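Notes for the structure review
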Number of protein chains: 2
Amino acid sequence: MIKVGIIGVGTVGSSVVRILQKNKDIITARAGKEIVPLIGVVKNLNKERNLDIKLSDNIDDILDDESIDIVVELMGGVDEAFSVVKKALAKGKSVVTANKAMLAYHRYELQQSSKKLPIGFEASVAGGIPIIKALREGLSANHIISIKGIMNGTCNYMLTKMMSEGAEFDEILQEAKDLGYAEADPSFDIGGFDAAHKLLILASIAYGIDAKPEDILIEGIEDINSEDIFFANEFGYSIKLLTIAKKIGESVELRVHPTLINKNEMIAKVDGVMNGVSVVGDCVGETMYYGPGAGGDATASAVIADIIDIAREGNNSPMLGFKKALEHGKLKLKNADEISTKYYVRVEVEDKIGVLSQISNILGEQNISINSFLQKQSKNAKFATLLFSTHQCFEKDIQKALKKISKCEFVKQFPAMIRIEE
Amino acid sequence: MIKVGIIGVGTVGSSVVRILQKNKDIITARAGKEIVPLIGVVKNLNKERNLDIKLSDNIDDILDDESIDIVVELMGGVDEAFSVVKKALAKGKSVVTANKAMLAYHRYELQQSSKKLPIGFEASVAGGIPIIKALREGLSANHIISIKGIMNGTCNYMLTKMMSEGAEFDEILQEAKDLGYAEADPSFDIGGFDAAHKLLILASIAYGIDAKPEDILIEGIEDINSEDIFFANEFGYSIKLLTIAKKIGESVELRVHPTLINKNEMIAKVDGVMNGVSVVGDCVGETMYYGPGAGGDATASAVIADIIDIAREGNNSPMLGFKKALEHGKLKLKNADEISTKYYVRVEVEDKIGVLSQISNILGEQNISINSFLQKQSKNAKFATLLFSTHQCFEKDIQKALKKISKCEFVKQFPAMIRIEE
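Just so it is clear, the structure is predicted and the values come from calculations on it, not from any experiment. (Residues numbered from 1 in each chain as written. Chains lettered and ligands numbered in written order. Predicted model: local features only at pLDDT ≥ 70, side-chain atom pairs only at ≥ 80, totals over all residues.)

Regarding the sheet that holds strand β3 (residues 54-56) of chain A
Residue and element names in this part refer to chain A.
- Spatially, the six strands line up as an open sheet ordered β3-β2-β1-β4-β5-β6, and their pairing is parallel. Unpaired on one side and paired on the other, β3 and β6 (119-120) mark the two borders of the sheet.
- Pairing of strand β5 (residues 94-97) with β6 involves two bridges; the strand directions are parallel. Bridge pairing in β6 links V95 to I119.
- Against the sheet, helix α1 (residues 11-22) makes contact with β1 (2-7), β2 (35-41) and β4 (70-73), and its axis sits at roughly 150 degrees relative to β2, the strand it touches most. (Pairing = 2+ DSSP bridges. Helix = DSSP H or I, 4+ residues; strand = E, 2+ residues; numbered from the N terminus. Contact = placed C-beta atoms within 7 Å. Axes fitted to C-alpha atoms, helices over the stretch in contact; angles between N-to-C directions.)

Listed below in structure tokens is the structure:
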């Protein structure tokens, strides 16, 4: 029998308890042992929960209980959770966590302090999709060429709705809040930070890269409007908040931002609250993983898979996928301004003669050439909106060009830019 | 150091050798040990191979070599391969195999004779997609409600082409042969047998069901013509050769046949030679796995992932996913005639009064009602082609109805039928 203590019994924690009980028969058959949720730790003992498990408001009731084999950490937060998990390991308990924020900062220290104890964290990335397992074990023969992920359901729901309805951001955000797809304070999701945490975890497994959120380019979807959607539809693109990891030579690009991608790509077909991760390996080519990225039961599915792996004594894979360092040394994280890609730009200008030639002069000075172009009348008839995409150029050059364009007297506000991925 | 002997050095075997050498650095870092392909066994030693490995034409050179830790079986066939693999296990060697035909018949005996030795078979289903791992480990908390797979690239290439070009079967088959997507004798692929082998393997992991190919419904794509494609396009369907596993109560449906599915479903978007497997679990909901189902390097990616798992001492998961039997007993395989679904029917009839009413009478007698209907002029003006879909009904009833319809004097040949999945 395997005994489990659960720290944090909210949506996911409750699902873990319920599914361990409801699916006991099949879980026991698969694990070879009965798995029993023994204690749940909550902040407020008085809240009605309707769960068949002993509750406590003291974490030590789990940490000090010698009969508990596995600690499931679902408390959230970074440093306190990290300290709890380290204590559990020190007491010889295995750990399963869904805490992406903690892992975004402390995954390497955690791997270090785990020694031989298993740490499961499948639920930390893309909810119910077993992407950690796929990347760490299923694709282990490959140099990973790229990862492109849709890993935030809130953003994907909103962008899908904006694409299909042509509605504006604020309107859809309100709708997402009403439906429970967006938090009351949605900035962590729509700002790209949640997706960035997940990307950092995948990047460690793919590349052995130890980067923190502040080391990488993170942009949210707040500035996308219906003109961008119009351009995307016109030129056969979808707009997605993509997490991108790419190996180029001996360096790795990591970035999270709204992205225009061709509608025919498999990853572009991941709509609504669903998540998807496309991984290109040098032997396998492209594989893609699709499923629910959030929700109590879907996330619990991944948490329990980790518990079963531990019960099976099932998985001695190294936590972050590497048993030892690469012989030729670590891969290097690329600076954001070294990125080279295609760009889409939206700029609102006074509708007068000479504007277009001034803008193309500025672009030309930075060696940027225009690929496609659309001009639309703005609501205010004195203004026009220019929408264009560029051929491939460097991030630092487009940034310089945008700054110069923003200083032209005929430009209303700083131009909006979305990167294109092809 | 882990030493590997490879039996069968064709397309996949050559890729295994090449990738183990080319990606040695990353594979060693991930596995913690160097993995060395030591001997390859081939039928014809005189064939030019351009590989840096010792070759032999004697399987015993691998089986009797005590330094070899892992035997990779890529020889194909059923009984001889099974006997070789058993010998390797008896000599204490781990086994990695891509041989779906052998597994379709002998997977349970193999699990039995493996004792504690690991047997990897990720490459046997859907090539480079780590679907075995996802199902056996990633989704282990779930009762699997259904599996819908596109697991034969030849069929999917042909059906995709027929859908997009409206061309006839024979024409596309020739094209597939010319491109190397179809074998000279393609009957094993287009008859659905290859996909059925893969389905049986997945069904064991999902349900613990020990079925053989002859126990399940297998139909190929040979009879699909441009009228069916026309109907599908008209009503928003895609035609795919689907492998279907479904748990209904305590019984399981297993079947392989061409299927009409809604174009909006994620699995319907898997086009060309690519494979995809959609799995619905009772906690996680739908997840889907997409990637190349064949090809030397993609299949080798899965073979090597299994080798790395073994080198990591990485995986003690039970071969077929169950450490012990379900307490309430095994699930039962459903008879084909108990299937209940919607159907599409094509029937060519003499173009005269009363035909339609006779056909709907026959359907009505079997409690089958028509859902949508199209009538087209045949090339021969005396005949018309009726295309219709039914509401949900039983397989045995539609089969009876089709038999009766085929006996009407105005019917040219036995009606064609395709099952609809919704």
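What to know about the relation of the copies chain A and chain B
- You can overlay chain A on chain B at an RMSD of 0.0 Å; the transform is a turn of 180 degrees with a shift of 0.0 Å along its axis. One copy is carried onto the other by what is essentially a two-fold rotation axis.
- Residue by residue, 100% of the interface of chain A is reproduced at the interface of chain B, so both copies engage with the same surface. (Least-squares fit on C-alpha atoms with pLDDT ≥ 70 in both.)

Comments concerning the interface of chain A and chain B
- Listed as interface residues are 56 residues of chain A and, on the opposing side, 57 residues of chain B.
- Taken together, the residues that form the side of chain A that touches chain B break down as 25 nonpolar, 18 polar and 13 charged.
- The pairing of strand β12 (residues 285-292) of chain A with strand β12 (residues 285-292) of chain B spans three bridges and is classified as antiparallel. Paired with Y289(A) across the two strands is Y289(B), which belongs to β12(B). (Nonpolar A, V, L, I, M, F, W, Y, C, P; charged D, E, K, R; others polar.)

So, helix α11 (residues 226-234) of chain A
- If you check which residues of α11(A) are buried, you get D228(A), I229(A), F231(A) and A232(A). The buried residues of α11(A) occupy an angular sector of 160 degrees when projected down its axis, which confines them to one face. (Buried ≥ 20, exposed ≤ 12 C-beta atoms within 10 Å, placed from the backbone. Arc of directions from axis to C-beta.)

A few points about the sheet that holds strand β6 (residues 119-120) of chain B
All names here are of chain B.
- With parallel pairing, the six strands of this open sheet are ordered in space as β3-β2-β1-β4-β5-β6. Of all the strands in the sheet, the pair left with one neighbour each is β3 (54-56) and β6.
- With four bridges connecting them, strand β1 (residues 2-7) and strand β4 (residues 70-73) associate as parallel partners. Note on β4: the bridge partner recorded for I6 is V72.

Concerning the pairing of β5(A)
Residue and element names in this part refer to chain A.
- On β5, burial covers both faces: S94 and V96 on one face and V95 and T97 on the other are all buried.
- As judged from the four bridges shared by β4 and β5, these two strands associate in the parallel manner. Across the sheet, I70 pairs through a bridge with S94, a residue of β5.

Description of the pairing of strand β16 (residues 383-390) of chain B
Residues and elements named next belong to chain B.
- Alignment of strand β14 (residues 340-350) against β16, held across seven bridges, turns out to be antiparallel. Within the sheet, the bridge partner assigned to V347 lies in β16 and is L386.
- Where strand β15 (residues 370-377) and β16 come together, seven bridges link them in antiparallel fashion. Paired with K376 across the bridge in β16 is T385.
- Counted between consecutive antiparallel strands, the loop separating β15 from β16 contains five residues.

Quick notes on the confidence of the model for chain A
- When pLDDT is averaged along chain A, the result is 96; 99% of the residues meet or exceed 70.
- The ipTM, which scores confidence in the relative placement of chains, is 0.97 for this predicted complex, and the corresponding pTM is 0.97. (pLDDT = per-residue confidence, 0-100.)

A look at the packing of helix α2 (residues 24-31) of chain A against helix α12 (residues 296-311) of chain A
All names here are of chain A.
- At their nearest, the axes of α2 and α12 sit 9 Å apart, and the two run at 40 degrees to each other. As judged from the angle between their axes, α2 and α12 are oblique. Counted together, I27, R30 and A31 of α2 and I304, I308 and A311 of α12 form the full contact between these two elements.
- When grouped by side-chain class, the residues that make up the contact of α2 with α12 number five nonpolar, no polar and one charged. (Parallel < 35°, antiparallel > 145°, perpendicular 65-115°, else oblique.)

A look at the domain arrangement of chain A
Residue and element names in this part refer to chain A.
- As far as domains go, chain A holds domain 1 (2-129 + 297-311), domain 2 (133-292 + 329-333) and domain 3 (336-421).
- Placing a centre on the C-alpha atoms of domain 2 and another on those of domain 3 gives a separation of 24 Å.
- The partner domain 3 presents 14 residues to the 18 residues of domain 2 that form the contact.
- Counting residues per element, the side of domain 2 that touches domain 3 draws most heavily on strand β10 (residues 251-262), which supplies seven residues.
- Residue classes in the side of domain 2 that touches domain 3 are distributed as nine nonpolar, two polar and seven charged. (Domains from an automatic or database assignment.)

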